[in-house]
Amino acid sequence: MLDMKFVRSNYEDVKQKLITRRVSSELIDAFFDSEKKWRGALQEVEELKANRNQLIPKGKPTDKQREELKELSTLIKLKQDELDNAKLTFDEVALFIPNIPSLDCPVGSSEADNKVIREVGDVSSFDFEAKSHHQIGVDLKLFDFDQAATITGSRFVVYHGQGALLERALINFMLDTHIYDHGYKEAIPPVIVNSKALTGTGQLPKFSDDLFKINDTDFWLSPTAEVQLTNLFQNKIVKEEDLPVNLVAYTPCFRKEAGSYGKDTKGLIRHHQFNKVELVKLVHPKDSENMLQELLSHAEKILKLLRLPYRVVELCTADLGFSSAKTYDIEVWFPSQKCYREISSCSSFLDFQSRRAMIRYKEGSTGLVSFLHTLNGSGLAVGRTMAALLENYQQADGSVVIPDVLSKYTRNKKWQITKNI
């Protein structure tokens, strides 16, 4: 939700920034007009109520005064109904308006205008033809897509043996790194969330078609633990001295992947259910940019420890997520595709989510209550990390060497997958 005081004072600038996000001029105008009508109706009702208060006599009212007050009360009720309808219309339109890009966000019209910030590590080169992670995993019997299709459907997977062990090792490795090295507090939240929580973080109402809803309920399968972790503070006021709040959670995530028909149909890249370790920060506005850089470094640390080559890309205005004001994507190298693929997005939402979810902080010196800033990032998407690991650590004989950093989670000092057991 945008700060309407700021929008009213900077309407043309806000409109141009939203247009760079591919928001239609018609929707922007409808948003501004509906807010103007609501405020006009509010002012009219308040003036009528003030007039009624002035007409109320100190003593016993006359018949004429009673009649005037009755007529005024009837008019106020009528105008209150108009006000309620105007507010409802404004709220409905406002929920479809995305965040305003940060001032330093690159302006662009598509993902082609995203800005590469840095490349880390040397891309893998082999003296043999690199296999895809899908082929490696199937050959080594690490996972099975046909079994998943039998019990559920397409775009699901069953992990087996060392494949299941590797997935679990990656989850625990990521959690331990973020908890013990980076200072995050772990939570284990429900994976079912309600509409209010999804609205608070910006998934609803715009992205309802990409979410799994449980029939005849107000429950949805969570698309990301960002929803649960952020909404732990819904309608709460955090003490300034308790900021920043740093939270981490591993959860399964669920997405319909609407609009991705035919994309990444093989392998672990684009599934309806996948595991993810999520990082969320609630921070003081003055610390927001520094905290975003810190969050990004924490997500990068996982790839550095795994010695996987990657790059950091700053998204342009047209490629930003709905709630984001600024986003860095981390993309890991896939030898079989000879390209980088997204494995994490680290975003600053400024006060956009906190306004929707009513998350505030109280300044210790003044007692002033203000909206805090929220940040989140994947730390990391587990399936994609496994996919990148299989491809980058594959050997000529078809086996896969597992990085030593995972050995404490597998009871092996050295681990090389040659066949599944």
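Everything below is about the structure shown above.
Read on for a plain summary of the structure. Since the model is a prediction, treat every value here as computed from it, not as a measurement. (Residues numbered from 1 in each chain as written. Predicted model: local features only at pLDDT ≥ 70, side-chain atom pairs only at ≥ 80, totals over all residues. Heavy atoms only, no water.)

Here we take up the overall build of the protein. In terms of helices and strands, the protein carries twelve helices and 18 strands. With respect to the principal axes defined by its C-alpha atoms, the protein has extents near 100 × 50 × 40 Å. For the protein, the proportion of its 421 residues judged to be buried stands at 48%. Once local pairs closer than 6 in sequence are excluded, the contacts in the protein between residues at least 24 apart make up 73%. As presented, the protein carries roughly 20900 Å² of accessible surface, and 50% of it is formed by carbon and sulfur atoms. Of the charged side chains in the protein, 56 are positive and 58 negative, and the gap between their average positions amounts to 3 Å. (Helix = DSSP H or I, 4+ residues; strand = E, 2+ residues; numbered from the N terminus. Buried < 20%, exposed > 50% of the residue type's maximum accessible area, 1.4 Å probe, protein only. Contact = heavy atoms within 4.5 Å. Areas by Shrake-Rupley, 256 points an atom, 1.4 Å probe, with all protein chains shown as cover. Lys, Arg positive; Asp, Glu negative; His and termini not counted. Charge placed at Lys NZ, Arg CZ, Asp CG, Glu CD.)

One pass over the structure, following the stated rule, counts 19 salt bridges. Two residues, Arg39 and Glu35, come together in a salt bridge whose shortest N-O distance is 3.9 Å. Here the residue Arg39 and the residue Glu35 both occupy positions in helix H3 (residues 25-55), the gap between them amounting to four residues, near one helical turn. Judged by its relative accessible area of 38%, Arg39 is partly exposed. Linking Asp139 and Lys131 is a salt bridge whose minimum nitrogen-to-oxygen distance equals 3.4 Å. The class for Asp139 is partly exposed, based on a relative accessible area of 44%. Three or more residues joined by partner-sharing salt bridges are found here, namely Asp3, Asp351 and Arg355. (Salt bridge = Lys/Arg side-chain N within 4 Å of Asp/Glu carboxyl O.)

Each neighbour pair has its own omega, and for Leu204 with Pro205 the value is 5 degrees, a cis peptide bond. In this structure, Pro205 sits in the loop between helix H8 (195-201) and strand E6 (212-213). Here the residue pair Gly379 and Leu380 is connected by a cis peptide bond, since its omega of 20 degrees sits within 30 degrees of zero. Secondary-structure assignment places Leu380 in strand E16 (residues 373-381). Unusually for a residue other than glycine, Asp216 sits at a positive phi of about 60 degrees. Within the element layout of this structure, Asp216 appears in the loop between E6 and strand E7 (219-221). Take Asp216: its relative accessible area is 82%, and that puts it in the exposed class. Backbone geometry at Met358 places phi at a positive 55 degrees, although glycine is not the residue there. Inspection of the secondary structure assignment puts Met358 in the loop between helix H11 (352-357) and strand E14 (360-362). Overall, Met358 belongs to the partly exposed group, its relative accessible area being 29%.

A separate point is the layout of surface pockets. Approximately 310 Å³ is the volume attributed to the second largest pocket. Phe6, Asn99, Ile100, Leu350 and Asp351 are the residues nearest the centre of the second largest pocket, which is lined by 14 residues in total. Only helix H1 (4-9) and helix H2 (11-19) provide two or more residues apiece to the lining of the second largest pocket. Class assignment of the residues belonging to the lining of the second largest pocket gives a composition of seven nonpolar, three polar and four charged. (1 Å grid on protein atoms, 1.4 Å probe; cavity = no way out; pocket = protein on both sides within 12 Å on 5 of 7 lines; lining within 4 Å. Points joined across faces, edges and corners; volume = space filled by probe spheres on them. Nonpolar A, V, L, I, M, F, W, Y, C, P; charged D, E, K, R; others polar.)

Glancing now at the packing of helix H7 (residues 161-181) against helix H12 (residues 382-392). For any two helices packed against each other, one specifies the inter-axial angle together with the distance between the axes. Axis separation between H7 and H12 bottoms out at 10 Å; the angle between their running directions is 115 degrees. Judged by the inter-axis angle, H7 sits roughly perpendicular to H12. As H7 packs across H12, the resulting crossing turns out to be right-handed. Mapping the contact onto sequence places Gly163, Leu166, Glu167, Leu170, Ile171 and Met174 in H7 and Val382, Gly383, Thr385, Met386, Leu389 and Leu390 in H12. (Axes fitted to C-alpha atoms, helices over the stretch in contact; angles between N-to-C directions. Parallel < 35°, antiparallel > 145°, perpendicular 65-115°, else oblique. Left-handed = near helix turned anticlockwise from the far one by under 90°.)

With that out of the way, let us pick up the side chain of Glu314. Positionally, Glu314 belongs in strand E11 (residues 310-314). It is Lys326 that comes nearest to the buried, bridge-free Glu314 among opposite-charge side chains, at 4.3 Å. When residues no more than four places from it in sequence are discounted, the contact partners of Glu314 are Asp104, Cys105, Pro106, Asn114, Lys115, Ile117, Lys326, Thr327 and Tyr328.

Bringing the sheet that holds E11 into the picture now. What holds strands together in a sheet is hydrogen bonding between their backbones, with the strands either parallel or antiparallel. One open sheet holds the eight strands; their spatial order is E1-E11-E12-E13-E16-E10-E9-E4, and the pairing between them is mixed. Looking at the sheet topology across the chains shown, the edges are occupied by strand E1 (115-120) and strand E4 (185-186). Strands E4, strand E9 (245-254), strand E10 (273-283) and E16 of the sheet are contacted by H7, whose axis makes an angle of about 5 degrees with E10. Lying over the sheet, H12 contacts E10, strand E12 (326-334), strand E13 (339-348) and E16, oriented at roughly 35 degrees with respect to E12. (Pairing = 2+ DSSP bridges.)

Another aspect to go through is the packing of aromatic side chains. With the rule as written, the count across this model stands at ten aromatic pairs. Aromatic side chains Phe173 and Tyr409 sit 6.4 Å apart centroid to centroid with 65 degrees between the ring planes, which places their arrangement in the edge-to-face category. Of this pair, Phe173 sits in helix H7 while Tyr409 sits in the loop between strand E17 (400-402) and strand E18 (415-417), placing them 236 residues apart in sequence. Taken together, a centroid distance of 5.1 Å and an interplanar angle of 70 degrees make the contact between Trp333 and Tyr340 edge-to-face. Across from the ring centre of Trp38, 5.2 Å away, lies the NZ or CZ of Lys87, which sits over that ring. The ring of Trp220 has Lys213 lying over it, and the distance from NZ or CZ to the ring centre is 5.4 Å. (Phe/Tyr/Trp six-rings, centres within 6.5 Å; stacked < 30°, edge-to-face > 60°. Lys NZ or Arg CZ within 6 Å of the ring centre and 35° of its normal.)

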